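# Commentary on secondary and tertiary structure
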Amino acid sequence: MDNCIFCKISKKDIPSKIIYEDEDIFVFHDINPAAEVHFLLIPKLHITNMLELNDTHQILMGKMIILANKLANEYGLSNGYKTQINTGKNGGQEVYHLHIHVFGNK
Ligand code: 5GP
Ligand code: ZN
């Protein structure tokens, strides 16, 4: 997606504080953190939001959730953390590229 800020971030056309990257997933610090630790996991594939998900995304979404927990632990959130996925207008989504928020205090 040409005009998508998170596609640009995952292609490194826009800089971000990168936490993790593989061929399917990109993880970076939220620019406006809601807690001591706050990062976003996104698929490299442009998926607008949860409303667009189908069975072909099963493995990808599973990988993202498992990775979210692994990275939360690595970033000091082993006592727990919050996850959030905002979906669409009524879900308060601001950036229309699916992302999982992970945030919390150590
Ligand atoms: P949403 O409300 O769509 O779930 O959340 C979008 C999140 O993306 C917000 O927490 C916001 O701070 C973050 N964000 C928006 N633009 C950028 C950016 O250019 N870089 C980074 N690192 N985070 C961003
Ligand atoms: Zn995108």
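Notes on the structure follow. It should be emphasised that the depicted structure is a prediction, and the values quoted were computed from it without experimental measurement.

## Re the site of ligand 1
- Around ligand 1, 16 residues are found, and the nearest of them are Asp30, Glu94, Val95, His99 and His101.
- Within the side chain of aspartate 30, a nitrogen or oxygen atom sits 2.5 Å from an oxygen atom of ligand 1.
- Here a nitrogen atom of ligand 1 and a backbone polar atom of isoleucine 31 are 3.3 Å apart.
- Here ligand 1 has 530 Å² of accessible area as a free molecule, and 85% of this is covered by the chains.
- Of all the secondary structure elements, the ones that give two or more residues to the shell around ligand 1 are helix H1 (5-10) and strand S2 (25-29).
- Considering each element in turn, the shell around ligand 1 owes the most residues, three residues, to H1.
- By residue class, the composition of the shell around ligand 1 is seven nonpolar, seven polar and two charged.

## Digging into the coordination of the zinc ion (ligand 2)
- Only Cys4 (SG), Cys7 (SG), His46 (ND1) and His97 (ND1) from the protein reach the zinc ion (ligand 2) as donors, at distances of 2.0 to 2.3 Å.
- Between the four donor atoms coordinating the zinc ion (ligand 2), the angles at the centre fall across 104 to 117 degrees, so the site counts as tetrahedral.
- Taken in sequence order, the residues that donate to the zinc ion (ligand 2) follow the motif C-x2-C-x38-H-x50-H. Taken together, the residues cysteine 4 in the segment before H1 and histidine 97 in the loop between strand S4 (82-84) and strand S5 (100-104) connect sequence positions 93 residues apart. Here cysteine 4 matches histidine 97 in class, with each residue buried.

## Re the nonpolar core
- One finds Val27, Phe39, Leu41, Met64 and Val102 to be the most contacted residues of the largest nonpolar core, which totals 18 residues.
- Put simply, the parts of the chain that give this core at least two residues each are S2, strand S3 (37-43), helix H2 (58-74) and S5.
- The leading source of residues in this core is H2, at seven residues.
- Residues contacting valine 102, with those up to four places away along its chain left out, are Val37, His38, Phe39, Leu41, Ala68, Ala72, Leu77, Tyr81, Lys82 and Thr83.

## Remarks on the pairing of strand S1 (residues 18-21)
- Judged from the three bridges that link them, S1 and S2 form a sheet pairing that is antiparallel. Paired with isoleucine 18 across the two strands is phenylalanine 28, which belongs to S2.
- Hairpin geometry of S1 and S2 is characterised by an intervening segment of three residues between the two adjacent antiparallel strands.

Parameters at a glance
- Residues numbered from 1 in each chain as written.
- Chains lettered and ligands numbered in written order.
- Predicted model: local features only at pLDDT ≥ 70, side-chain atom pairs only at ≥ 80, totals over all residues.
- Heavy atoms only, no water.
- Near = heavy atom within 4 Å.
- Polar contact = N/O pair within 3.5 Å; in protein donor to acceptor, adjacent residues only side chain to side chain.
- Areas by Shrake-Rupley, 256 points an atom, 1.4 Å probe, with all protein chains shown as cover.
- Helix = DSSP H or I, 4+ residues; strand = E, 2+ residues; numbered from the N terminus.
- Nonpolar A, V, L, I, M, F, W, Y, C, P; charged D, E, K, R; others polar.
- Donors = N, O, S within 2.8 Å, 3.2 Å for Na, K, Ca; no water.
- Tetrahedral: all angles 85-135°; square planar, octahedral: opposite > 155°, others 65-115°.
- Buried < 20%, exposed > 50% of the residue type's maximum accessible area, 1.4 Å probe, protein only.
- Core = buried A, V, L, I, M, F, W, Y, C linked by side-chain atoms within 4.5 Å.
- Contact = heavy atoms within 4.5 Å.
- Pairing = 2+ DSSP bridges.

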